[in-house]
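Close look at the chain arrangement
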Amino acid sequence: MTPAQDIGQGIALSGVGLRKSYRGRRALDVDRVDIPAGQALALLGPSGSGKSTLLAILGLLMRPDAGRVLLGGEDVSCRDRYARLRMAAVFQRPYLFKGTVADNVAYGLKLRSVRASERGRRVAEALQHVGLAEMGSRSALTLSGGEAQRVALARALVLRPDVLLLDEPLASLDPLEKGRLAREFARILAAEAVTTLYVTHDQDEAMVVAPLLAIMRGGRLVASGPTDEVASVHDDEWTASFFGMGAPLKGVVGACEEGLARIVCEGVEVFAVAECREGERVSLGIRPEDVLLFEAGAEMPHSTARNRLPCVVESVTARGATYSVVVESGGVRLAAAVSRAAVADLGLAPGIPAVAVFKATAVRVRPVWDNVSTRS
Amino acid sequence: MGVFIDAIREAAGMLSSGALDVREIVGTSLKVSLLATLIGLTIGIPAGFVLGGVRFFGRRALLVLASTGMGLPPVVVGLFVVMLLSRRGPLGTLQALYTTEAMVFAQVIIATPLIVAITAAAVASVPRDLRLQARSLGASRLQEAMLTLREARFGVAAAVAAGFGAIISEVGAVMMVGGNISGQTRVMTTAIVQEARKGHFGLALALGGVLLTLVLVVNVFLATHQHADDRYSR
């Protein structure tokens, strides 16, 4: 465990050695999690992985069985109301109170005894930020799901919290509204530069909203770091499968010249744009949407893609609008996101030979970590 | 039909002339029942909030007790209070039997379980996560409780109406503990019983009319208040 004084500059909120059990079942077991000031960290994981428990504990809404919460480097607890006044949360259901939209947004300001004139100005400003400038006098309980969630966000943002906690805020919306609001939330959070913990089970939402990502499974953090990297490069089967990838890839750098690395994975050579040392052990990641499949033996279209791997289809699984096609090439398993039409055109089925093509720039590389846990 | 027409004519005359008896009886009724409602609310709303909003061992048993209390027969309450305040009773030294204080005491016993049970149901219907939401915005425990009661205000208003309605219209308890003493403990319900027995249907009907109007006024007031709130509800 790391004492408070060791916390680096710029960490707004930390959890250290957090443990929580429900009826003897361990729900949370996190050694360390840090959220840098002014940044958004998305907490991603399947249902029951402990995300909301971690959020509630970090938000001082639930007492942990063990561990500490550090706000700005200082130990805080549920009883510390001053610390709670520095945070604000938005939950899956917006839980708007009876009254107008403006009454709802003003609720936290009233609790903080903000003067009426100041309150009115800040409420108007917050509603403007979330695109509801004209709706202040409307009844809060007659809004659509998306509007209600925006009011909930305005109600939290108007407090100018040091830390904003969002617990599956878009989970109850339809996919169209969800996508639209996720982009809007990302814009607002970036503009406000507020430290944010964003819990979701939706990978797309997490990737849109937060530049930092942590993955939870069974109450533990299994990976964390920059979103792009965490979503692409995996160290274990479960995380790779969670992201719809074939398998975690590891290799050794054969050569690296002018930013182009030749990496040997199993019996396959993969080219990647990366700065690394010859002989270095690295983890690799290739997002399924970056992998194209072609018919084996067919003439290839002109492309700058350096990686062309002859492969055999292992499985074809429907995933909504696309199929996840897992291919195997010299012991390396890759996943490709293929449209329904392409699956039919190429006749993709287990055992069919194909060629997997991807660019060197699509390969994410990082050194192998032996003990990956809570880097953020 | 003649008896009705005569009684209505007599009642109208008494009410329009503002007969002293009627005013005094109505005044005593209001004094006793409003005070009892106020005391019942002071005890019943916090107790209802705790029963409806806080989980603790024995909560269910207490809820069953409160619900049972809603059906307390006023004469049984009257009997209990008479025994308590009678000369040989544990509170006999207070010499409070046949006073308005004794009537208030009996009515508090009748109204409080009603207020507790209805408030508890109203508070329980407010989502617990709404309180979590308030806490996450910085609310203290007291502010959380106030918000919950605000959200449950329709139910709390119904508790007020039910409590007041039950005690202003009950006769058994006030008759037993008040004794229906003219100018002192005579209230509308006891007066109606007495005047009807004596065949003075006019006065009985006039008091009955006032009683119904009072209950109606309270309910119209609460309904209007709720209607004003409806603008901000689904």
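What comes next concerns the included structure. (Residues numbered from 1 in each chain as written. Chains lettered and ligands numbered in written order. Predicted model: local features only at pLDDT ≥ 70, side-chain atom pairs only at ≥ 80, totals over all residues.)

**Focus: the overall build of chain B**
In plain terms, the rule: Comment: elements are numbered from the N terminus, with helices defined as DSSP H or I runs of at least four residues and strands as E runs of at least two. Any residue with 12 or fewer other C-beta atoms within 10 Å of its own C-beta is exposed, any with 20 or more is buried, and the rest are partly exposed; the C-beta atoms used are placed from the backbone. A pair of residues counts as a contact when their C-beta atoms, built from backbone coordinates, are separated by no more than 7 Å.
Each helix and strand in chain B was counted, giving eleven helices and zero strands. Across chain B, helices and strands are ordered from the amino to the carboxyl terminus as α-α-α-α-α-α-α-α-α-α-α. Across its three principal axes, chain B shows a C-alpha extent of roughly 65 × 50 × 25 Å. Put simply, chain B has 234 residues, and 41% of those count as buried. Here the analysis covers contacts within chain B between residues at least 6 apart in sequence; of these, 77% occur between residues at least 24 apart.

**Considerations on the interface of chain A and chain B**
Accessible area lost on assembly of the parts is the figure often given for the size of an interface. The cut-off we apply is this: Any residue outside Ala, Val, Leu, Ile, Met, Phe, Trp, Tyr, Cys, Pro, Asp, Glu, Lys and Arg is labelled polar, Gly included; the first ten of those are nonpolar and the last four are charged.
Of the residues lining the interface, 24 residues belong to chain A; the matching set on chain B comes to 19 residues. Looking at the side of chain A that touches chain B, the elements with two or more residues in it are helix 2 (81–84), strand 6 (87–90) and helix 3 (101–111) of chain A. Element by element, the count of residues in the side of chain A that touches chain B is highest for helix 3 of chain A, at three residues. Along the lines of polarity and charge, the residues of the side of chain A that touches chain B split into twelve nonpolar, six polar and six charged.

**Here's the deal with helix 1 (residues 51–58) of chain A**
Residues and elements named next belong to chain A. Most of helix 1 sits inside the fold, with eight of its eight residues counted as buried. Looking only at helix 1, the buried set comprises Lys51, Ser52, Thr53, Leu54, Leu55, Ala56, Ile57 and Leu58. In the segment just after helix 1, Leu60 is the residue with positive phi, at about 60°.

**Thoughts on the sheet that holds strand 13 (residues 268–273) of chain A**
Residues and elements named next belong to chain A. Selection rule: Only when DSSP finds a minimum of two bridges between them are two strands counted as paired. Only the stretch in contact is used when a helix axis is fitted, and all axes are lines through C-alpha atoms; the angle between N-to-C directions ranges over 0 to 180 degrees.
Taken together, the five strands give an open sheet; going across it, the order is 13-12-11-14-20, and neighbouring strands pair in antiparallel fashion. At either margin of the open sheet sits one strand with a lone partner, and together these are strand 13 and strand 20 (363–367). Pairwise comparison of adjacent strand axes, ignoring direction, gives a mean angle of 40° for this sheet. Relative to strand 20, strand 14 (residues 281–286) runs antiparallel, the two sharing five bridges. Within strand 20, the residue paired with Leu284 across the bridge is Val365.

**Regarding the nonpolar core**
Our working definition: Here, a nonpolar core means buried Ala, Val, Leu, Ile, Met, Phe, Trp, Tyr and Cys residues linked by C-beta atoms lying within 7 Å of one another.
Core analysis: the biggest nonpolar cluster contains 119 residues, and Ala42 and Leu43 of chain A have the highest contact counts within it. The element contributing the most residues to this core is helix 5 (residues 145–157) of chain A, with seven residues. In terms of nonpolar packing, the next biggest core, distinct from the first, is built from 56 residues, Val22, Val81, Leu149 and Ala191 of chain B among them.

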